[in-house]
Every structure is written in C-alpha cells, then in structure tokens.
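# Architecture and fold: a report
These are the residues of each chain, in order.
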Amino acid sequence: MSFPNLQRGTAFKIAMGDGATPTEAFTLLCIATTKSFKRTIDTEDHMEVDATNPDNIPANVSVAKGQAWELSISGRTDYVRYAVLQGWLDGAPHNVKLTLSGTGANGGGTYTGGVVLKELDLTSSDGGTVAFSATLKGQGAIPTFVAAA
C-alpha cells in the first residue's frame, strides 16, 4: 500500500519580516492558526465561434491577463503579537515568508514576497477568547517557490 504523506497544520508557517536591510529577519506569526495562501490568474473570457464549423456551439476561450495572490489568516489574539500585525495596517508593503516544512525532496521550501495588510478584524463573542482575522494582498508577481536544502 501507498498513502500520501499528509502534513500537520504546523508544517505551514507564516513569518513577518522586520524590514531590516541588508538582512531581513522573519518572526513566526504564531497567533495565525488558520492560514490560506491563494494564488490566481485573472482571465478575460470570450465565447468564440469555431471557424471550421461555425454552426457548432461557440466555446469559451480564456486569455490570461494578470496574476494575483493573497493570504487570509485568523486565530486567537495575544495583544503583544497582535500589535505587531496591527502596525502593518499602514498601506505600505511588508515582507512575509511562507514555509512548507521539510526537505526539498519532500516538498519543503519557502515563498517570500511583499503584502499590504488590507483588512484586520478583532472579535469576541459571549465573553470568549478574543479572536482576529486578516487579509493580506500580495504585491507583485506570485512568489517563486524555493525548495529547502
């Protein structure tokens, strides 16, 4: 038998850059317990007639016109760590590093790129734990994956 090598949620990490140059340090955003890394290709779609058989039903043709990426995160709030994230709500790009744990041979590696914090929500319900959610819009091309050693 052969089964997939499923990964624990902790094997997908998001770290925030400190903006330092020439060497930027990245700190794990450990309060983000739910994470999503979404990559998209924007298309312009048209229904086109078959030039050979114009009586056929037209078919969709998609033309790629752009690419985009974003991160959605949420979790429970530690106010000290939340304050760092809140500091990013300034409209400026900030760097993040996404890590897939493991060796390159096992699919591990990193994506690094700039994001703008687009949305930040803080919630609590019925006296329960304070939670947050955020959306970070990627800047520039979809980051290139760099396999781990």
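Below you will find a few notes about this structure. (Residues numbered from 1 in each chain as written. Predicted model: local features only at pLDDT ≥ 70, side-chain atom pairs only at ≥ 80, totals over all residues. Heavy atoms only, no water.)

### Quick word on the environment of Met16
Let me state the cut-off plainly: Secondary structure elements are defined from DSSP: runs of H or I of at least 4 residues count as helices, runs of E of at least 2 residues count as strands, and each element is numbered from the N terminus. Contacts are assigned to residue pairs with any non-hydrogen atoms lying within 4.5 Å of each other.
Residue placement: Met16 occurs in strand S1 (residues 12-17). For Met16 and Trp88, which are 72 residues apart along the polypeptide, the C-alpha to C-alpha distance reads 9.8 Å. When residues no more than four places from it in sequence are discounted, the contact partners of Met16 are Ala25, Phe26, Thr27, Leu29, Val84, Leu85, Trp88 and Asn95.

### Things to note about unusual backbone geometry
Omega for the peptide link from Thr21 to Pro22 comes to 5 degrees, which places this bond in the cis form. Residue position: Pro22 is located in the loop between S1 and strand S2 (26-28). Here Asp126, not a glycine, exhibits a phi torsion of approximately 55 degrees, which is positive. For Asp126, the location among the structural elements is in the loop between strand S6 (109-123) and strand S7 (131-139).

### A closer look at the nonpolar core
Side chains of nonpolar character tend, in soluble globular proteins, to be buried together. What counts, and what does not: The definition of a nonpolar core used throughout is a set of buried Ala, Val, Leu, Ile, Met, Phe, Trp, Tyr and Cys residues joined through side-chain atoms within 4.5 Å. Partly exposed residues are those whose accessible area sits between 20% and 50% of the maximum for their type, while under 20% is buried and over 50% is exposed, using a 1.4 Å probe and protein chains only.
In terms of nonpolar packing, the biggest core is built from 22 residues, with Leu71, Ile73, Leu85 and Phe132 touching the most fellow members. If you list the elements that add at least two residues to this core, you get S1, strand S4 (59-76), helix H1 (79-86), strand S5 (94-100), S6 and S7. If you tally residues by element for this core, the top one is S6, at four residues. When sequence neighbours within four positions are dropped, the list of residues in contact with Leu85 reads Met16, Ile73, Leu117, Leu120, Phe132 and Ala134.

Scope: geometric values only; no functional claims are made or implied.
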